[in-house]
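# Topology and contacts: notes
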Amino acid sequence: QVQLVESGGGLVQAGGSLRLSCAASGRTFSTYVMGWFRQAPGKEREFVAAIRWSGGSTYYADSVKGRFTISRDNAKNTVLLQMNSLKPEDAAVYYCASRRRPTFGHTILSETREYDYWGQGTQVTVSS
């Protein structure tokens, strides 16, 4: 089992920045990918960004490219999401997720079903 705990959410004005953190504990040695998703009221959970634990390749949703940066600290079993130039439409509950299975050619890292563990989420509110 892997436990994920997010932190860093809060209220920020449009154009501002926040940095989210996700601390992983438990059987973290089996982690292959860490991701961030978000869910706004009345909407489905959507992909934000992902990073491979080995190698560090990153992936982003088009809506956040150039504004958000995902990174990892393997020694601390932590994944970060630096969010800059925030917009009101970025407001949501942000969830950290991890995948304990290897990826294959058909693995779509933007799909929630590809992840095995989830955190409880942290609220991000962006005022206009």
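The rules behind these values
Residues numbered from 1 in each chain as written. Predicted model: local features only at pLDDT ≥ 70, side-chain atom pairs only at ≥ 80, totals over all residues. Heavy atoms only, no water. Helix = DSSP H or I, 4+ residues; strand = E, 2+ residues; numbered from the N terminus. Contact = heavy atoms within 4.5 Å. Salt bridge = Lys/Arg side-chain N within 4 Å of Asp/Glu carboxyl O. Buried < 20%, exposed > 50% of the residue type's maximum accessible area, 1.4 Å probe, protein only. Pairing = 2+ DSSP bridges. Polar contact = N/O pair within 3.5 Å; in protein donor to acceptor, adjacent residues only side chain to side chain. Disulfide = S-S within 2.5 Å.

Moving on to the environment of Ile51. Its place among the elements puts Ile51 in strand S5 (residues 46-52). Taking the C-alpha atoms as reference points, Ile51 and Gln82, separated by 31 residues in sequence, lie 13 Å from one another. When neighbours within four sequence positions are excluded, Ile51 is seen to be in contact with Tyr32, Val33, Met34, Gly56, Ser57, Thr58, Ile70, Ser71, Arg72 and Val79.

This structure, assessed with the given rule, holds eight salt bridges. Here Arg101 and Asp116 are joined by a salt bridge, their closest N and O atoms 3.0 Å apart. Here the residue Arg101 occupies a position in the loop between strand S9 (92-99) and strand S10 (117-118), and Asp116 occupies one in the loop between S9 and S10, the gap between them amounting to 15 residues. When its relative accessible area of 28% is taken as the criterion, Arg101 is described as partly exposed. Here Asp116 falls in the partly exposed class, since its relative accessible area comes to 26%. Here the salt bridges share partners, and the residues they tie into one network are Arg38, Glu46, Arg67 and Asp90.

Only one face of strand S11 (residues 122-127) is buried: it carries Thr122, Val124 and Val126, and the other face, with Gln123, Thr125 and Ser127, is open. As paired elements, strand S2 (residues 10-13) and S11 share four bridges and run parallel to each other. Across the sheet, the residue bridging to Gly10 is Val124, located in S11.

The subject of this paragraph is the side chain of Arg99. Residue placement: Arg99 occurs in strand S9. Looking at Arg99, the relative accessible area reads 3%, which means it is buried. Within the structure, the side chain of Arg99 is placed 2.9 Å from the backbone oxygen of Arg101, a separation counted as a polar contact. Apart from residues lying up to four places away in sequence, Arg99 is in contact with Ser30, Thr31, Tyr32, Val33, Thr107, Leu109, Glu114, Tyr115 and Asp116.

What follows is about the side chain of Thr107. Within the secondary structure, Thr107 sits in the loop between S9 and S10. On the basis of relative accessibility, which here comes to 15%, the residue Thr107 falls in the buried class. There is a polar contact of 2.8 Å between the side chain of Thr107 and the backbone nitrogen of Phe104.

Time to look at the state of the cysteines. Counted under the stated rule, the structure contains one disulfide. Two residues share a disulfide in this structure: Cys22 and Cys96, whose sulfurs sit 2.1 Å from each other. Across the S-S bond linking Cys22 and Cys96, the dihedral sits near -80 degrees, which makes this disulfide left-handed. Here the residue Cys22 occupies a position in strand S3 (residues 18-26), and Cys96 occupies one in strand S9, the gap between them amounting to 74 residues. Given the relative accessible area of 0%, Cys22 is considered buried.

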